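# Structural overview for review
If you want the building blocks of each chain, they are given just below.
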Amino acid sequence: MIRRILIVFAAALLLTFGRTPAAAVVPVSVASPSAPAPATSGTVMVAAASDLIYCLDALHAGFLAANPGVTVKASTGSSGNFFAQISHGAPYDVFLSADVRYPRELVTAGAAHGPSLTLYAIGRIVVWTLRKDLDLANPDPSALLRGADVRWFAIANPTHAPYGRAAQETLEKVGMWKMAQPKLVLGENIAQAAQFIQTGHADAGIVALSLVLAPQLQNVGRWIEIPADWHAPLEQAAVLTMRGKSNPAATRYLEFLRSPAGREIFEQFGFRLPPMNP
């Protein structure tokens with residue numbers, strides 16, 4: 001039976017990830033008097049998949065430099081949970097999902113603005129560990145999972161986290177999904193799965209490349225990338241909610257994500273880039 005950890009280690013998040021828990025809303029505002037200000041005021045409420053937890057800092061710095069009168073308030077968590085919240089009227093303007101399915105379903109349900117739907121990045125996954133004695137010469141985690149040295153292996157919950165689904169597909173690809181069940185530790189989202197590894201609550205696991213490449217973690221532990229054809233593409237999409245549709249600052253925010261400057265930031269954090277929108 002999968003070991004289900006339901007207690008969020010809030011203290012560990014503050015100490016190791018340097019951010020508030022996923023449910024918190026973090027206001028971000030940067031003033032730049034000399035920068036142009038196409039959007040002179042307003043607040044943008046952003047719901048973002050947790051693989052972006054570090055990438056958001058760079059994205060918001062770039063956006064706010066050009067829009068100094070705007071305030072961005074961002075929450076991070078699992079895409080599936082945000083999908084449910086927005087479906088029930090949660091007050092977000094922009095949804096950055098770790099897949100394209102949830103934004104499309106919001107559009108179908110009338111909770112998001114269809115013409116705004118934008119592919120902004122393609123995610124990548126890695127096997128990551130802090131233990132120096134574990135062999136990461138091969139991206140296939142089968143040997144790790146069969147070995148007695150690995151007691152717990154962390155992934156995001158596949159039920160509502162796209163990166164968890166990619167991890168499940170990877171384990172199915174190598175024939176280890178059923179065998180791995182007793183060792184699996186499920187994070188509420190991909191950032192929490194990484195937290196389990198970093199704090200020693202898991203020996204290794206499958207996490208987002210964007211997390212281990214972030215300045216906060218890039219020199220922590222060792223990782224090896226999982227081949228992209230071992231799982232369905234992690235096409236990540238953003239969309240304006242129906243509330244955000246009427247918010248000019250939210251429209252500017254979405255435009256920045258697909259701008260050359262925004263795309264460069266995604267690439268720095270290890271994402272592959274979809275073709276540019278016309």
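Residues numbered from 1 in each chain as written. Predicted model: local features only at pLDDT ≥ 70, side-chain atom pairs only at ≥ 80, totals over all residues. Heavy atoms only, no water.

### Remarks on the environment of glutamate 235
The test is simple: Comment: elements are numbered from the N terminus, with helices defined as DSSP H or I runs of at least four residues and strands as E runs of at least two. Working definition: with a 1.4 Å probe on protein chains only, accessible area under 20% of the residue-type maximum means buried, over 50% means exposed, and in between means partly exposed. In this analysis, two residues are considered to be in contact whenever any of their non-hydrogen atoms come within 4.5 Å of each other.
Structurally, glutamate 235 is set in strand E12 (residues 234-240). Overall, the relative accessible area of 32% leaves glutamate 235 in the partly exposed class. Taking the C-alpha atoms as reference, glutamate 235 lies 4.6 Å from isoleucine 122; in sequence the two are 113 residues apart. For glutamate 235, the contacting residues outside a window of four places in its chain are Ala98, Asp99, Val100, Leu119 and Ala121.

### Here we look at the nonpolar core
Defined as follows: Residue types Ala, Val, Leu, Ile, Met, Phe, Trp, Tyr and Cys, when buried and joined through side-chain atoms within 4.5 Å, form a set referred to as a nonpolar core.
The biggest cluster of nonpolar side chains holds 77 residues, and the ones touching the most others in it are Val46, Leu52, Val94, Leu96, Ile206, Tyr253 and Phe266. Excluding residues within four positions of it along the chain, tyrosine 253 makes contact with Val44, Val46, Leu56, His60, Phe63, Val72, Val94 and Leu96. If you look at the next biggest cluster of nonpolar residues, it comprises 13 residues, including Phe82, Phe83, Ala90 and Tyr92.

### Description of the environment of leucine 234
Tracing the chain through its elements places leucine 234 in strand E12. Taking C-alpha positions, leucine 234 is 9.1 Å from isoleucine 125, a pair spaced 109 residues apart along the chain. Apart from the residues lying within four places of it in its own chain, the contact partners of leucine 234 are Ala98, Ala121, Ile122, Gly123, Arg124, Ile125, Pro162, Tyr163 and Ala166.

### Regarding the pattern of salt bridges
Formally: Counted as salt bridges are all cases of a side-chain nitrogen of Lys or Arg within 4 Å of a carboxyl oxygen of Asp or Glu.
As enumerated under the stated definition, the model contains eight salt bridges in all. Note that aspartate 99 is salt-bridged to arginine 165, the shortest N-O span being 2.7 Å. Separated by 66 residues along the polypeptide, aspartate 99 in the loop between strand E5 (94-96) and helix H4 (101-108) and arginine 165 in helix H6 (residues 162-173) bring together distant segments of the chain. Taking the relative accessible area as the measure of exposure, aspartate 99 reaches 8% and is therefore buried. A salt bridge links arginine 272 to glutamate 225, with the shortest nitrogen-to-oxygen separation between them at 3.5 Å. With arginine 272 in the segment after helix H11 (260-268) and glutamate 225 in strand E11 (residues 222-225), this residue pair connects regions lying 47 residues apart in the sequence.

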